[in-house]
Amino acid sequence: MIIVTNNEGHAGIATTAKLLAQGGTSLDAIEAGIRLVEADENVRTVGRGGWPNLLGEVELDASVMDGTTLRTGAVGALKGFLHPVSIARQVLEKLPHELLAGEGARRFAAEIGAEAGDLLMPHARTAWQRWFENEVTEGERERWPEVPMTDLCRRAIDPEIGRDTTIFIGQDKDDNIAAGTSTSGWGWKYPGRLGDSPIIGAGSYADTRYGACACTGVGEMSIRAGTARAVVLYMKMGMTVEEAVYEAVTDMRALKGGLIGRVTIHAIDPAGRHKVVAVNGLPENHYWIWQDGMEAPVSCPAEIIAISEDPTPKPTAHRRYEQMGL
Ligand code: ASP
């Protein structure tokens, strides 16, 4: 069984499903599927083709978690490498650590011979350049990049708000449950900003005994609520997968201030049941699922639950952070 995000996971789910049907491990199948999403330049929120940060650089976050050993591997704010999910996997395989960020992640990627490449594609370069010319003052442009960025960050625009990270959560024929994530995060983010995707327990968590959960959308919310770990813990404490996800939605209602928008929570249990809820979501918030015996993955709508009066921005609208309550 495998569940993946919306449009973003589409490039990889067929491969993941095939590997699982052939008896591959959930971790291998998830890594293989996410690599295809990372390589797809049309996916503008993952890997090559993703949106850049305020400096015009694409910074990538990714993670994997093996729910049988509870080992994880993650990288954050990684620049210049095409497949962060595989580098995260090698953190799990080769290091006595769970998370590497920035320069250390880059160093490790080079050391293991990971594939380097240019991540900033022409559409993203043009969009960033346009922002730079329209939003940055002449004085700031002269001193660039040695300028204060806090206000620029607060006013910045994510050109595809409402589109997603890719997440994969799945179970193999031997019942091992695993999770994987990969993203370029928010466009125009402050350099070094980590979202929930590399933060195990926030953006993903997997435990073969109880289930898995992974989130997309406003990572700031799932970090604050500890969403992925909470959902798996709620299942451990006896809730069904549906009850556990609803409880995590209740947790999010307590978030006051900060960046509030849409979060999609995806969860599975060891019996093959699942639940996907888009908090402050939109009708287009779908996910893909493939289960043993299915010929091909199918797309299903997430349940939408609004938790704020002014919920998520429209995906086509260029919304400013300050309009979201910052
Ligand atoms: N969750 C991701 C992040 O906060 C973004 C997304 O899924 O759209 O970096």
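Residues numbered from 1 in each chain as written. Predicted model: local features only at pLDDT ≥ 70, side-chain atom pairs only at ≥ 80, totals over all residues. Heavy atoms only, no water.

(A) Spatial organisation of the sheet that holds strand 5 (residues 166-171). Pairing within the open sheet is mixed, and its eight strands lie in the order 4-3-2-6-5-1-11-12. Every other strand in the sheet has two partners, leaving strand 4 (99-101) and strand 12 (298-301) as the edge strands with one partner each. Each neighbouring strand pair of the sheet contributes to a mean axis angle of 15°, computed without reference to strand direction. The sheet contact formed by strand 1 (residues 2-5) and strand 11 (residues 286-290) spans four bridges and is antiparallel. (Pairing = 2+ DSSP bridges. Helix = DSSP H or I, 4+ residues; strand = E, 2+ residues; numbered from the N terminus. Axes fitted to C-alpha atoms, helices over the stretch in contact; angles between N-to-C directions.)

(B) Seen up close, the sheet that holds strand 13 (residues 303-305). The strand order 7-8-9-10-13 describes an open sheet built from five strands, whose pairing is mixed. A strand with exactly one partner marks an edge of an open sheet, and here the two such strands are strand 7 (204-207) and strand 13. For this sheet, the mean inter-axis angle between neighbouring strands, taken without regard to orientation, is 20°. Pairing of strand 10 (residues 274-279) with strand 13 involves three bridges; the strand directions are parallel. Bridged to Val 279 within strand 13 is Ile 305. In the packing of helix 9 (residues 227-236) onto the sheet, the strands contacted are strand 7, strand 8 (211-217) and strand 9 (263-268), and the crossing angle to strand 8 comes to about 150°. Relative to strand 10, helix 10 (residues 241-253) is tilted by about 20°, and along the sheet it contacts strand 9, strand 10 and strand 13. (Contact = heavy atoms within 4.5 Å.)

(C) Layout of the packing of aromatic side chains. For the structure shown, the criterion picks out six aromatic pairs. Ring geometry for Trp 51 and Trp 188: centres 5.8 Å apart, planes at 50°, overall tilted. Taken together, the residues Trp 51 in the loop between helix 2 (26-39) and strand 2 (60-66) and Trp 188 in the loop between strand 6 (177-183) and strand 7 connect sequence positions 137 residues apart. By relative accessible area, which is 2% here, Trp 188 ends up buried. Plain terms: the ring middles of Trp 128 and Trp 131 are 6.0 Å apart, the flat faces sit at 45° to each other, and that makes the pair tilted. On the criterion of helical spacing, the pair formed by Trp 128 and Trp 131 is a turn pair, its members being three residues apart in helix 5 (residues 122-135). For the pair Trp 128 and Trp 131, a shared accessibility class is recorded, and that class is buried. One aromatic cluster is present, formed by Trp 128, Trp 131, Phe 132 and Trp 144 through successive ring pairs. (Phe/Tyr/Trp six-rings, centres within 6.5 Å; stacked < 30°, edge-to-face > 60°. Buried < 20%, exposed > 50% of the residue type's maximum accessible area, 1.4 Å probe, protein only.)

Worth remembering: the numbers are spatial, not functional.
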